[in-house]
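Overview (structure and organization)
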Amino acid sequence: MKELSNPPIVYFVVPCYNEEQVLPETVKRLTEKLHSMQEKGLAHGNSRMLLVDDGSKDKTWELISQFHGENPCVEGVKLAHNRGHQNALLCGLMTAMERCDCAISLDADLQDDTDVLDQFVEKYLDGCDVVYGVRNKRDTDTFFKKATAEGFYKVMKFLGADVVFNHADYRLMSRRALEGLSEYREVNLFLRGIVPLIGYRSDYVYYDRHERFAGESKYPLKKMISFALDGITSFSVKPLKLISNFGILISVLSVFGLLYALISYFAGWAVSGWTAIVCSIWLLGGLQMLCLGVVGGYIGKIYSEVKARPRFRIEEHLEQSEEEKKD
Ligand code: UDP
Ligand code: MG
């Protein structure tokens, strides 16, 4: 295993999609930050920012190449086509993993407050492997975005996925946490769900989210909904279990329906033929739902097998040497 440096080599990993308007300011601020962290002894001289161009159609890559030429702190990776924020981020983290002691992911638009970057590294130096950036309040969001985002975290919790409330992708990960992440081979990426599964000691840094510095959001509502659905379907098979439970409920209710229908029949309230139809609709509906749930249960199992997530990760191993064992 590669030796860790002291102070640590810190990498800022920044996915960029059509960000020509903000990039000069982002690079300027992150360079200043890296220098000030180096002066404070929080970051090694080999610390860098890694800009990942997610197949932009504007001048983003030209700018990255230009900054790379002028500024020794800047490294760049260009994806061959637009693969979305999560994939671009994963590519950046996996590239940084080889070179850094810890990597901090942040957005290119300077919405993530760069003033708290020092706190991330301080917590890392205190022994944390993962540090989550958590938003203090959502003043800069519209009512709609705030309500949907907070509702989403609650639904995720209810479905059993361990996500950190109000944390997006502003986070620090140590090299061994990144190595842990590299073992998750799934294609439907939802990083903020995977990272808590990696384990290790973690902590939070609270920050205020700013307005986008320039340009427009690259996450329109359609992308946001599909991202949220991806999160739910990648981390929970509970919706499948809900089908079974619903089926059981309807089957039980159908017994009462059956009784009611029979009473109506014998009491002469029912028109002829009604009893048979009502009984079969309820009973068959319930049974079908239950069967779907059973099939769903197996599909859920296949799904988790296919994802082939790591089953465990050893944090520490206390071993006796051969000689001590003999004593
Ligand atoms: N992004 C990306 N690929 C995409 C969409 C977005 O790499 O397909 C990047 C974008 O450049 C930014 C980050 O992901 O650095 C977050 O995007 P954005 O700020 O547009 O999202 P919002 O903050 O509005 O949710
Ligand atoms: Mg943004």
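Our subject is the structure listed above.
As a starting point, this report considers the structure included with it.

Cut-offs used in this document
- Residues numbered from 1 in each chain as written.
- Chains lettered and ligands numbered in written order.
- Predicted model: local features only at pLDDT ≥ 70, side-chain atom pairs only at ≥ 80, totals over all residues.
- Heavy atoms only, no water.
- Helix = DSSP H or I, 4+ residues; strand = E, 2+ residues; numbered from the N terminus.
- Rg over C-alpha atoms; globule rule 2.2 N^0.38 Å.
- Contact = heavy atoms within 4.5 Å.
- Lys, Arg positive; Asp, Glu negative; His and termini not counted.
- Charge placed at Lys NZ, Arg CZ, Asp CG, Glu CD.
- Expected span 1.5 Å × (residues − 1).
- Buried < 20%, exposed > 50% of the residue type's maximum accessible area, 1.4 Å probe, protein only.
- Donors = N, O, S within 2.8 Å, 3.2 Å for Na, K, Ca; no water.
- Phe/Tyr/Trp six-rings, centres within 6.5 Å; stacked < 30°, edge-to-face > 60°.
- Lys NZ or Arg CZ within 6 Å of the ring centre and 35° of its normal.
- Axes fitted to C-alpha atoms, helices over the stretch in contact; angles between N-to-C directions.
- Parallel < 35°, antiparallel > 145°, perpendicular 65-115°, else oblique.
- Left-handed = near helix turned anticlockwise from the far one by under 90°.
- Nonpolar A, V, L, I, M, F, W, Y, C, P; charged D, E, K, R; others polar.

Attention now moves to the overall build of the protein chain. Assigned secondary structure in the protein chain consists of eleven helices and seven strands. Computed over C-alpha atoms, the radius of gyration of the protein chain comes to 26 Å, more than 25% over the 20 Å expected from 2.2 N^0.38 for 327 residues, which places it beyond the range of a compact globule. In terms of overall dimensions, the protein chain has C-alpha extents of about 90 × 70 × 35 Å along its principal axes. Of all intrachain contacts in the protein chain linking residues separated by at least 6 positions in sequence, the fraction that spans at least 24 positions is 82%. Here the protein chain carries 39 positive and 44 negative side-chain charges, and the mean point of each set is 6 Å from the other.

Between its first and last C-alpha atoms helix H10 (residues 274–307) spans 49 Å; for 34 residues at 1.5 Å apiece the expected length is 50 Å, and the two agree. Along H10, the residues classified as buried are Thr 275, Val 278, Cys 279, Gly 286, Gly 293, Gly 296, Gly 300 and Lys 307. Taken from the residues just after H10, Ala 308 is the one with a positive phi, measuring 45 degrees.

A separate point is the coordination of the magnesium ion (ligand 2). Asp 109 (OD) and Gln 111 (OE1) make up the full set of protein donors to the magnesium ion (ligand 2), lying at 1.9 to 2.0 Å. Its relative accessible area of 16% is what places Gln 111 among the buried residues.

With that out of the way, let us pick up the packing of aromatic side chains. With the rule as written, the count across this model stands at ten aromatic pairs. Centre to centre, the rings of Phe 190 and Phe 227 are 5.0 Å apart; their planes meet at 50 degrees, and the pair counts as tilted. Here Phe 190, found in the loop between helix H6 (175–181) and helix H7 (191–198), pairs with Phe 227, found in helix H8 (residues 221–235); they are 37 residues apart in sequence, far enough to count as distant. Note on accessibility: Phe 190 and Phe 227 belong to one class, buried. Each member of the aromatic cluster is reached from another via a ring pair, and the members are Phe 152, Tyr 153, Phe 165, Phe 190, Phe 227 and Phe 235. Across from the ring centre of Phe 158, 4.8 Å away, lies the NZ or CZ of Lys 238, which sits over that ring.

With that settled, consider H7. What sets the pattern is the α-helix's 3.6 residues per turn: residues three or four places apart point alike. Burial within H7 is extensive, with seven of its eight residues counted as buried. Every buried residue of H7 is listed here: Leu 191, Arg 192, Gly 193, Ile 194, Val 195, Pro 196 and Ile 198. The elements touched by buried residues of H7 are helix H3 (85–97), strand E5 (130–135), helix H5 (143–158), strand E6 (167–174), H6 and H8. Where H7 ends, the next residue or the one after it, Gly 199, has phi of about 90 degrees, a positive value.

Now for the packing of helix H1 (residues 23–39) against helix H2 (residues 60–70). The relative placement of two packed helices comes down to the angle between their axes together with the axis-to-axis distance. The interhelical angle for the contact between H1 and H2, taken along N-to-C directions, is 30 degrees, at an axis separation of 10 Å. The angle between the axes of H1 and H2 places the two elements in the roughly parallel class. The handedness of the crossing between H1 and H2 is right-handed. Residue-level contacts link Leu 23, Pro 24 and Val 27 of H1 to Thr 60, Leu 63, Ile 64 and Phe 67 of H2. Class assignment for the residues of the contact of H1 with H2 results in six nonpolar, one polar and no charged.

The backbone of Tyr 200 sits at a positive phi, close to 70 degrees, despite the residue not being glycine. Relative to the assigned elements, Tyr 200 resides in the loop between H7 and strand E7 (202–207). Residue Ala 308 is not a glycine yet carries a positive backbone phi of 45 degrees. Structurally, Ala 308 can be placed in the loop between H10 and helix H11 (322–326).

All quantities given are derived from atomic positions and should not be read as evidence of function.
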